[in-house]
Amino acid sequence: MKILITGGAGFIGSAVVRLAIARGHEVVNVDALTYAACLDNVASVSDSPLYAFEQVDIRNRAGLDTVFATHKPDVVMHLAAESHVDRSIDGPGDFIETNISGTFNMLEAARKYWVEAGKPEGFRFHHISTDEVFGSLPNDRSVMFTEETPYDPRSPYSASKASSDHLVRAWHETYGLPVVLTNCSNNYGPFHFPEKLVPVIILNALAGKDLPIYGDGSNIRDWLYVEDHADALLLVVEKGALGRSYNIGGENERSNLELVKSLCAILDEKRPKSSRSYADQITFVTDRPGHDARYAIDPSRIRTELGWRPSVTIDEGLALTVAWYLANERWWRTLQNRHGVGERLGVTA
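What counts and how
Residues numbered from 1 in each chain as written. Predicted model: local features only at pLDDT ≥ 70, side-chain atom pairs only at ≥ 80, totals over all residues. Heavy atoms only, no water. Helix = DSSP H or I, 4+ residues; strand = E, 2+ residues; numbered from the N terminus. Rg over C-alpha atoms; globule rule 2.2 N^0.38 Å. Contact = heavy atoms within 4.5 Å. Lys, Arg positive; Asp, Glu negative; His and termini not counted. Charge placed at Lys NZ, Arg CZ, Asp CG, Glu CD. Core = buried A, V, L, I, M, F, W, Y, C linked by side-chain atoms within 4.5 Å. Buried < 20%, exposed > 50% of the residue type's maximum accessible area, 1.4 Å probe, protein only. Pairing = 2+ DSSP bridges. Axes fitted to C-alpha atoms, helices over the stretch in contact; angles between N-to-C directions. Phe/Tyr/Trp six-rings, centres within 6.5 Å; stacked < 30°, edge-to-face > 60°. Lys NZ or Arg CZ within 6 Å of the ring centre and 35° of its normal.

Draft legend 1. Representation of the overall build of the chain in the model. Counting secondary structure elements, the chain contains 11 helices and 12 strands. Its C-alpha radius of gyration of 19 Å places the chain within 12% of the 20 Å reference for a compact globule of 349 residues. Viewed in the frame of its principal axes, the chain has a C-alpha envelope of about 70 × 45 × 40 Å. Within the chain, residue pairs in contact and separated by at least 24 positions form 82% of the contacts whose partners lie at least 6 positions apart. Computed over 35 positive and 46 negative side-chain charges, the separation of the two mean positions in the chain equals 2 Å.

Here it is as structure tokens:
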């Protein structure tokens, strides 16, 4: 396939780019290169004859039309989004413009291209979203998000993603655009921009700084290794049923405090300090507004219909992630210096 991937220089998008090229697909990476994007994320494939890059903002409709006309993709995987909850609270405008208006532009550009190409049977518009659109769950581990869970977003970020999901479904029902949707749990792994929980904890620990956790650390998330997520996304765009949505989860629930303590234990082993545990640096900070108590995904549909399950446990994935950050200081230090992200809390995704 030739896959047009938006946000392909970001954390999840770059994982999809790398895996797609490894599997022999052609990739057109469309990215505006905003603060969280980094072309180093795709440096390992940038010289491949299967790879093309277009620096285009999804808010630029004319630019998108040119990309479609030039590259003529077989499928679209739409990952480009503003995704940091804390930033959405501080400045919601960018989230409305990118996640809602940008998705509208993508849908219209894709629809125009699809119609003019004669509505090819294999065309797909795959919209990648989040479990945060479903709101918050009680601390009862028998209750999980399914694809039928009513939407109940609680932050500007999740509300903007919920809006984009609704637009995608509307374009399918109204115009017949062939779409598939996925909603994922919290991702972690290599190339994670250093303002999110896992990299913040690793990098603050190494720097001898406080390890900030909102509230009492009891908020629970389901953690999905990013390379497992990329594998699931490629499966859905190839074999997912049109108009269908699939929840993608890691089957790895941990509270924020449990997660941070696990990271500290791994660091104690891999980069030990002389007399203290990194856990001694944990500090609790004032909770953020509208902080959802728990997210957890029931991945039964993707497992039953497409045969997918995560391959990496949380303990394996965290160890791999810590090892990656220890081995790639130049990557994360460059981003820290460029953006000053170390000053943000970033204590939950």
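Back to the text.
Draft legend 2. How the structure looks around the side chain of R124. Tracing the chain through its elements places R124 in strand 5 (residues 124–130). Ignoring sequence-local partners within four residues, the contact set of R124 consists of D74, V75, V76, P178, V237, G240 and L242.

Draft legend 3. Inspection of the environment of V45 at higher detail. In this fold, V45 is placed in the loop between strand 2 (26–30) and strand 3 (51–54). Separated by 31 residues in the primary sequence, V45 and S14 place their C-alpha atoms 9.9 Å from one another. Contact partners of V45, with chain neighbours within four places excluded, come to V17, R18, I21 and Y51.

Draft legend 4. Looking closely at the environment of R169. Assignment of secondary structure puts R169 in helix 5 (residues 156–175). When the C-alpha atoms of R169 and A205 are compared, they prove to be 43 Å apart, with 36 residues separating the residues in sequence. Those residues in contact with R169 that sit more than four places away from it in its chain are Y151, L181 and S245.

Draft legend 5. Examining the nonpolar core more closely. Of all hydrophobic cores here, the largest spans 34 residues; its most connected members are Y188, V260 and W331. Breaking this core down by element, the ones donating at least two residues are helix 6 (197–207), strand 8 (211–214), strand 9 (220–225), helix 8 (256–270), helix 10 (314–327) and helix 11 (329–339). A total of seven residues in this core trace back to one element, the largest contributor, which is helix 8. Once residues within four sequence positions are removed from consideration, V260 is found in contact with L197, I201, L211, I213 and I282.

Draft legend 6. Quick peek at the sheet that holds strand 7 (residues 186–188). Read across the sheet, three strands follow the order 7-9-11 without closing on themselves; strand pairing throughout is mixed. Looking at strand neighbours, the two that pair on one side only are strand 7 and strand 11 (253–255), the edges of this open sheet. Going from strand to strand, the sheet's axes swing by 50° on average, the running direction of each strand aside. Each of strand 9 and strand 11 touches helix 8; the most contacted strand, strand 11, lies at about 90° to it.

Draft legend 7. Spatial organisation of the packing of aromatic side chains. Under the defined criterion, the tally for this structure stands at 16 aromatic pairs. Taking 6.2 Å as the distance between ring centres and 75° as the angle between the ring planes, the aromatic pair formed by Y188 and W223 counts as edge-to-face. One end of the pair, Y188, is in strand 7; the other, W223, is in strand 9, and 35 residues separate them in sequence. No difference in accessibility class separates Y188 from W223, as the two residues are buried. Put simply, the rings of F134, F145, Y151 and Y295 touch in pairs and so form one group of aromatic residues. We note R87 situated over the ring of Y35; from NZ or CZ to the ring centre the distance is 3.9 Å. Here R221 stacks its cationic end above the ring of Y295, 3.9 Å away from the centre of that ring.

Draft legend 8. Up close: the sheet that holds strand 3. Pairing is parallel across the open sheet formed by seven strands, whose spatial order is 3-2-1-4-5-6-10. In this open sheet, the two edge strands, each paired with only one partner strand, are strand 3 and strand 10 (245–248). Strand-to-strand, the axes of this sheet are offset by a mean angle of 20°, without reference to chain direction. Pairing analysis gives four bridges linking strand 4 (residues 75–78) to strand 5, with the strands arranged parallel. Residue pairing in the sheet places M77 in a bridge with H126 of strand 5. Contacting strand 1 (2–6), strand 2, strand 3 and strand 4, helix 1 (residues 11–22) runs over the sheet at an angle of about 165° to strand 1. Contacting strand 5, strand 6 (179–184) and strand 10, helix 5 crosses the sheet at an angle of about 155° to strand 5.

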